[in-house]
Amino acid sequence: MFDYIFGLPMHALVIHAVVVLVPLSALIAIAFAVRPVWRHLLRWPVAIGGVISGVTAFVAAESGEALQRRVTQVRASTTNFDLLREHVEWGDRAKILCFLFMVLCLVAAWFLRAPDDDEPRRRMLEVPLAILLVVSALAALITVVLAGHAGAQVTWAGLA
């Protein structure tokens, strides 16, 4: 299911969405967390960006596993399996952290409000939730960058 799309390996297409949209979503989520006056404006972009980040990271990981099976059969003699293993490990971490980021984006979009909304129950959650959102955004961003870098090394090792 996650092998090919339009005759191309799905992984090669989906990773571009991940490396662009996860960092963009992370920056929007950080702005949402640290600038309460922007929360009315950024609520929906945070929720949508979080879902897109979680879904694209999942599809990238699943399609990467399909590609890995194919590469180990077809390009076994020209593939650096140590680099591939590192890429897979970072990709697995990115999938988990992007899922966590997605969940926290949805929770934050529901609970974090602009300063003019005064519900004491929500105010108690504001600082811890904002901190968790920033930490998860940075974790997703960093793991996606490291997975992407490791993947580029696998792809281009010995060609440059």
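Just so it is clear, the structure is predicted and the values come from calculations on it, not from any experiment.

Asks: Explanation requested: the overall build of the chain in the structure shown.
Replies: Within the chain one finds four helices and two strands. When the helices and strands of the chain are placed in sequence order, the string is β-β-α-α-α-α. If you line up the chain on its principal axes, its C-alpha atoms span 65 × 30 × 25 Å. Of the contacts made within the chain by residues no fewer than 6 positions apart, 77% connect residues no fewer than 24 positions apart.

Asks: Explain the side chain of His87 here, please?
Replies: Residue placement: His87 occurs in helix α3 (residues 81-111). Overall, His87 belongs to the buried group, its relative accessible area being 17%. Of note is the side chain of His87, whose polar atom sits 3.1 Å from the backbone nitrogen of Gly151. In this structure His87 touches His11, Ala147, Ala150, Gly151 and Val154, once residues within four positions along its chain are discounted.

Asks: What's the story with the environment of Ala61 in this structure? I'm lost.
Replies: With respect to the helices and strands, the residue Ala61 is situated in helix α2 (residues 39-74). Each C-alpha atom, one on Ala61 and one on Arg85, is 13 Å from the other, the two residues being 24 residues apart in sequence.

Asks: How do you make sense of the packing of α2 against α3 when you look at a structure like this?
Replies: In helix packing, the relevant descriptors are the interaxial angle and the interaxial distance, both defined with respect to the helix axes. Interaxial distance between α2 and α3 falls to 8 Å at its minimum, and their mutual angle equals 160°. On the basis of their axis angle, the class for α2 and α3 is roughly antiparallel. When you trace α2 past α3, the crossing you get is left-handed. In terms of residue class, the contact of α2 with α3 is made up of 16 nonpolar, five polar and five charged.

Asks: Got a minute to help me understand the state of the cysteines in this structure?
Replies: What we call a disulfide is simply a covalent bond connecting the sulfur atoms of a pair of cysteines. Evaluation of the coordinates by the stated rule reveals zero disulfides. With no disulfide partner, Cys98 has as its closest neighbouring cysteine sulfur the one in Cys105, 9.8 Å distant. Under the relative-accessibility criterion, Cys98 is labelled buried at 0%.

Asks: Explain unusual backbone geometry to me, please; I cannot follow it from the model alone.
Replies: For residues other than glycine, phi is negative in most cases, and the peptide bonds are mostly trans. Backbone geometry at Phe6 places phi at a positive 55°, although glycine is not the residue there. Mapped onto the elements, Phe6 comes out in the loop between β1 (4-5) and β2 (8-9).

Asks: Is there a simple way to explain a nonpolar patch on the surface in this structure?
Replies: A contiguous nonpolar surface patch, about 330 Å² in accessible area, is contributed by Trp44, Ile48 and Ile52. For Trp44, the location among the structural elements is in helix α2. The exposure class of Trp44 is exposed, given its relative accessible area of 62%.

Calculation rules
Residues numbered from 1 in each chain as written. Predicted model: local features only at pLDDT ≥ 70, side-chain atom pairs only at ≥ 80, totals over all residues. Heavy atoms only, no water. Helix = DSSP H or I, 4+ residues; strand = E, 2+ residues; numbered from the N terminus. Contact = heavy atoms within 4.5 Å. Buried < 20%, exposed > 50% of the residue type's maximum accessible area, 1.4 Å probe, protein only. Polar contact = N/O pair within 3.5 Å; in protein donor to acceptor, adjacent residues only side chain to side chain. Axes fitted to C-alpha atoms, helices over the stretch in contact; angles between N-to-C directions. Parallel < 35°, antiparallel > 145°, perpendicular 65-115°, else oblique. Left-handed = near helix turned anticlockwise from the far one by under 90°. Nonpolar A, V, L, I, M, F, W, Y, C, P; charged D, E, K, R; others polar. Disulfide = S-S within 2.5 Å. Patch = residues over 30% accessible without salt bridge, like charges linked within 9 Å, V, L, I, M, F, W, Y side chains within 5 Å. Areas by Shrake-Rupley, 256 points an atom, 1.4 Å probe, with all protein chains shown as cover. Salt bridge = Lys/Arg side-chain N within 4 Å of Asp/Glu carboxyl O.

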